[in-house]
Amino acid sequence: MAQSFLEVKNLRKEFGGLTATNDVTFSMGRREIIGLIGPNGAGKTTLLRLISGILKPTSGSIKFKGKNITGAKTWNIVNMGIASTFQNMRPFRRLPIVANVMVPCLSPRAMKRGEWVKKVEAKAMDALEFAGISDMALEKASTLSQGDLKRLEVARAVATDPELLILDEPFGGLSPAETELMAKSVARLHKGGRFGRLHSEGPAMIIIEHKLQQLMKIVDRIIVLNFGTILADGPPDVVVKDPKVIEAYLGDGGTTCS
Ligand SMILES: Nc1ncnc2c1ncn2[C@@H]1O[C@H](COP(=O)(O)OP(=O)(O)OP(=O)(O)O)[C@@H](O)[C@H]1O
Ligand SMILES: [Mg+2]
């Protein structure tokens with residue numbers, strides 16, 4: 001059987017008596033872009049944190065490109081090509097914005113490719129341009145608005161040349177116009193091109209979002225989590241019509257939920 005790009009098996013995370021993810025199993029291919037949706041507290045961020053190594057699972061396993069990465073250190077996971085953005089952003093507030101993007105680029109992987117400070121800075125500037133905040137590169141991160149902090153998060157992740165990019169609410173805190181721009185940038189990134197220097201294709205993606213209308217335009221598959229368990233997994237148009245999903249999350253308004 002062909003090896004999956006990402007393979008998550010029976011993943012469970014308990015916090016004391018609370019089970020945040022329960023028996024989560026799915027796999028994804030190198031070219032996929034998946035939307036991860038579900039009610040507040042469903043376990044979406046926990047799943048991201050498990051895949052990116054911030055949390056260790058109580059049980060279950062995660063394989064990336066055939067390698068078992070369950071419980072591996074975050075740094076090693078980034079180095080293998082998985083980058084994430086976070087719902088609650090914590091930049092180095094006193095550092096210039098461009099330096100915030102350079103820090104995650106200084107990985108052993110980048111060093112091996114001989115990318116020292118000038119090259120890393122150029123890459124960080126490219127990533128800031130991609131995210132639409134390159135004109136603020138030299139200002140301190142503490143000056144950024146909520147929406148711009150979101151863009152900084154995306155720039156930080158993109159600059160590490162990920163093969164898998166996991167975005168936690170990339171449209172959160174953005175106006176409708178900014179959301180539209182971010183959605184377009186994310187779709188462009190996935191298709192590859194400008195940031196495809198290391199890998200000829202753009203990264204596979206998992207996007208956690210509550211703004212479903214915008215999400216649906218860019219993903220080709222949706223996974224719905226509810227109480228830590230996968231409730232549905234399939235093409236967007238099928239998933240949004242699933243009565244279980246409508247009952248648990250969408251309600252009568254369907255995809256108008258934002
Ligand atoms: N570090 C933690 N310690 C204890 N409980 C936690 C921790 N992190 C998450 N939880 C709990 O686990 C459950 C899942 O939380 P999680 O943040 O993964 O949900 P989510 O789907 O991302 O929700 P949202 O859409 O609101 O961001 C919640 O009940 C939450 O309170
Ligand atoms: Mg969350």
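Our subject in this report is the structure included herewith.

The rules behind each value
Residues numbered from 1 in each chain as written. Chains lettered and ligands numbered in written order. Predicted model: local features only at pLDDT ≥ 70, side-chain atom pairs only at ≥ 80, totals over all residues. Heavy atoms only, no water. Helix = DSSP H or I, 4+ residues; strand = E, 2+ residues; numbered from the N terminus. Buried < 20%, exposed > 50% of the residue type's maximum accessible area, 1.4 Å probe, protein only. Contact = heavy atoms within 4.5 Å. Areas by Shrake-Rupley, 256 points an atom, 1.4 Å probe, with all protein chains shown as cover. Near = heavy atom within 4 Å. Polar contact = N/O pair within 3.5 Å; in protein donor to acceptor, adjacent residues only side chain to side chain. Nonpolar A, V, L, I, M, F, W, Y, C, P; charged D, E, K, R; others polar. Expected span 1.5 Å × (residues − 1). Pairing = 2+ DSSP bridges. Axes fitted to C-alpha atoms, helices over the stretch in contact; angles between N-to-C directions. Arc of directions from axis to C-beta. Phe/Tyr/Trp six-rings, centres within 6.5 Å; stacked < 30°, edge-to-face > 60°. Salt bridge = Lys/Arg side-chain N within 4 Å of Asp/Glu carboxyl O.

### Some details on the overall build of the chain
Working step 1: Within the chain, the secondary structure is distributed over 10 helices and 10 strands.
Working step 2: A burial count over the chain gives 53% of its 258 residues as buried.
Working step 3: Contacts spanning at least 24 positions in sequence make up 68% of the contacts within the chain whose residues lie at least 6 apart.
Working step 4: Accessible surface, the chain as shown: approximately 11,900 Å² in total, 54% of it carbon and sulfur.

### Points about the site of ligand 1
Working step 1: Near ligand 1, the surroundings consist of 14 residues, among which G41, K44, T45, T46 and Q87 are the closest.
Working step 2: Within the side chain of K44, one N or O atom sits 2.7 Å away from an oxygen atom of ligand 1.
Working step 3: Taking T46, its side chain carries an N or O atom lying 2.6 Å from an oxygen atom of ligand 1.
Working step 4: Breaking the shell around ligand 1 down by element, the ones donating at least two residues are β2 (18–28) and α1 (44–51).
Working step 5: Here the shell around ligand 1 is composed, by residue class, of 5 nonpolar, 7 polar and 2 charged.

### Points about helix α6 (residues 146–158)
In an α-helix, one turn spans 3.6 residues; hence positions three or four apart end up facing the same way.
Working step 1: Relative to the 18 Å expected for 13 residues at 1.5 Å per residue, α6 spans 19 Å between its end C-alpha atoms, a close match to the ideal helical length.
Working step 2: In terms of residue burial, α6 counts as a mostly covered element, since 12 of its 13 residues are buried.
Working step 3: Turning to α6, its buried residues are G147, D148, L149, K150, R151, L152, E153, V154, A155, R156, A157 and V158.
Working step 4: Residues of α6 that are buried in the fold lie against β6 (82–84), α3 (97–102), α5 (117–131), β7 (164–168) and α7 (176–191).

### Considering the sheet that holds strand β9 (residues 221–226)
Working step 1: Across the sheet, which stays open at both edges, the 6 strands sit in the order β6-β7-β8-β3-β9-β10 with mixed pairing between neighbours. Only two strands of the sheet have a single neighbouring strand rather than two, namely β6 and β10 (229–234). On average, each strand axis in the sheet is inclined to that of its neighbour by 15°, with strand direction left out of account.
Working step 2: Where β6 meets β7, 3 bridges bridge the pair, whose relative direction is parallel. By the bridge assignment, I82 is partnered in β7 with L164.
Working step 3: Against the sheet, α6 touches β6 and β7, its axis set at about 165° to β7.

### As for helix α10 (residues 243–250)
Working step 1: Those residues of α10 not exposed but buried are V245, Y249 and L250. On an axial view of α10, the arc spanned by its buried residues comes to 65°, and they lie on one face. Opposite the buried face of α10, at more than 90 degrees from it, the exposed residues are P243 and E247.
Working step 2: Next to the buried residues of α10 lie β3 (33–37), α8 (212–218), β9, β10 and α9 (236–239).
Working step 3: You can read the cap of α10 off the contacts: a side-chain oxygen lies 2.9 Å from the backbone nitrogen of K244, and it is on D242.
Working step 4: The positive-phi residue at the C-terminal boundary of α10 is G251, with phi of around 70°.

### So, the packing of aromatic side chains
Working step 1: This structure, assessed with the given rule, holds 1 aromatic pair.
Working step 2: Centre to centre, the rings of F5 and F64 are 5.0 Å apart; their planes meet at 65°, and the pair counts as edge-to-face. Of this pair, F5 sits in the segment before β1 (6–15) while F64 is found in strand β4 (residues 59–64), placing the two residues 59 residues apart along the sequence.
Working step 3: Exposure remark for F5: the relative accessible area of 7% places this residue in the buried category.
Working step 4: F64 sits in the buried class, given a relative accessible area of 0%.

### Concerning the pattern of salt bridges
Where charged atoms from two side chains of opposite charge come close, those side chains can pair.
Working step 1: Following the criterion strictly, the structure yields 12 salt bridges and no others.
Working step 2: R151 is the partner of D148 in a salt bridge, and the nearest nitrogen-oxygen pair spans 2.7 Å. With D148 and R151 both in helix α6, this residue pair falls 3 residues apart, about one helical turn. Both residues of the pair, D148 and R151, belong to the buried class.
Working step 3: As a salt-bridge pair, E153 and R156 come within 4.0 Å of each other at their nearest N and O atoms. Note that E153 and R156 are positioned in helix α6 at a spacing of 3 residues, about one turn of the helix. Of the two residues, E153 and R156, both sit in the buried class.

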